Amino acid sequence: MSDDHPLRDVLSSLHNSLKLQAALVAKIEQRELSIQASFDQQMASLQERVGLADQRINEIVRSATTRIVEETTNVLGPLTSQHGREISTMSIELRRANRIAWSWACAAGSLSLLLALAGWASLSHYRREIATSRSELERYDAAITVVQAYYASDATLCGDRICVNIDPKGQRQGARGEYRQAKPRPLQ
């Protein structure tokens with residue numbers, strides 16, 4: 001049995017060592033669970049803080065957006081309304097200028113038409129006057145030879161007829177020779 005004892009001691013020592021190792025493994029597992037629980041708790045706390053930070057950032061962004069919109073509206077609102085009034089005024093002035101331009105164009109067109117009609121009427125009137133004067137001039141041209149012959153002849157007016165001093169030696173005229181030349185007018 002003597003051999004048994006050292007074996008027992010070794011077994012006992014091994015047994016104690018296994019107990020210590022089991023206790024150590026249990027302690028390590030407990031510590032691991034504790035660390036895991038602490039980690040999970042810290043992660044949950046961190047997620048909660050991130051969520052709160054996210055909410056706070058969203059509130060800040062919404063607040064800033066609202067404030068930016070309000071300030072932009074406050075700054076740009078008067079400028080926009082002033083710009084709108086200026087555009088409205090310019091539009092009214094452009095419409096007036098357009099109406100004036102159309103009025104002038106219509107007046108110029110009407111005046112041109114009136115002048116063209118007056119020119120046409122004047123031209124027609126003067127053409128008729130010229131035609132009348134031309135026919136009178138042709139009649140006077142024809143009458144000039146008669147008047148020249150009258151003044152070259154010894155003739156005078158006898159009421160509504162011409163009286164002539166016939167030249168017995170003068171030429172005869174007419175189909176039957178019934179007309180004779182007058183004597184030349186004596187020089188006075």
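Conventions adopted
- Along each chain, residues carry numbers from 1 onward, in the same order as the chain's sequence is written.
- Local features in this predicted model are restricted to residues whose pLDDT is 70 or higher, and side-chain atom pairs enter the listing and the counts only when it is 80 or higher, whereas totals over whole chains, interfaces and linings include all residues.
- Side-chain calculation: all heavy atoms of the structure are included, whereas hydrogens and water are not.
- Side-chain rings of Phe, Tyr and Trp, where Trp is taken by its six-membered ring, are said to pair if the distance between their centres is within 6.5 Å; with planes under 30 degrees apart they count as stacked, over 60 as edge-to-face, and otherwise as tilted.
- Relative accessibility decides the category of a residue: with a 1.4 Å probe and only protein chains considered, values under 20% of the type maximum give buried, values over 50% give exposed, and everything between is partly exposed.
- In this analysis the charged atom, NZ for Lys or CZ for Arg, is taken to sit over a ring once it is within 6 Å of the ring centre and within 35 degrees of the ring normal.
- In this scheme, patches are assembled from residues that exceed 30% relative accessible area and form no salt bridge. Like charges are connected within 9 Å, while nonpolar side chains (Val, Leu, Ile, Met, Phe, Trp, Tyr) are connected within 5 Å.
- Computed by Shrake-Rupley with a 1.4 Å probe, the accessible areas treat only the displayed protein chains as cover when residues are assessed.
- For salt bridges, the criterion is a side-chain nitrogen of Lys or Arg within 4 Å of an Asp or Glu carboxyl oxygen.
- Helix numbering and strand numbering both begin at the N terminus, where a helix is a DSSP run of H or I of at least 4 residues and a strand a DSSP run of E of at least 2.
- Two strands qualify as a pair provided DSSP detects at least 2 bridges between them.

### Focus: the packing of aromatic side chains
For any pair of aromatic rings, the description rests on two quantities: the centre-to-centre distance and the angle between the ring planes.
For step 1, the next point in the chain: Inspection of every chain in the model, using the stated rule, returns one aromatic pair.
For step 2, the next point in the chain: Taking the centre distance of 5.6 Å and the plane angle of 75 degrees together, the rings of Tyr 150 and Tyr 151 count as edge-to-face.
For step 3, the next point in the chain: Classification of Tyr 150 by relative accessible area gives partly exposed; the value is 21%.
For step 4, the next point in the chain: For Tyr 151, a relative accessible area of 53% corresponds to the exposed category.
For step 5, the next point in the chain: Taking the ring centre of Tyr 150 as reference, the NZ or CZ of Arg 185 above it sits at 5.6 Å.

### Here we look at a nonpolar patch on the surface
For step 1, the next point in the chain: A surface patch of nonpolar side chains, amounting to about 370 Å² of accessible area, comprises Leu 7, Val 10, Leu 11 and Leu 14.
For step 2, the next point in the chain: Structurally, the position occupied by Val 10 is in helix α1 (residues 4-152).
For step 3, the next point in the chain: Overall, Val 10 belongs to the partly exposed group, its relative accessible area being 47%.

### Comments concerning the pairing of strand β1 (residues 155-158)
Side chains on a regular strand alternate between the two faces of the sheet.
For step 1, the next point in the chain: Pairing between β1 and strand β2 (residues 161-164): four bridges, direction antiparallel. Residue pairing in the sheet places Cys 158 in a bridge with Arg 161 of β2.
For step 2, the next point in the chain: Hairpin connection, β1 to β2: the antiparallel pair is bridged by two residues, and Gly 159 has positive phi, about 70 degrees.

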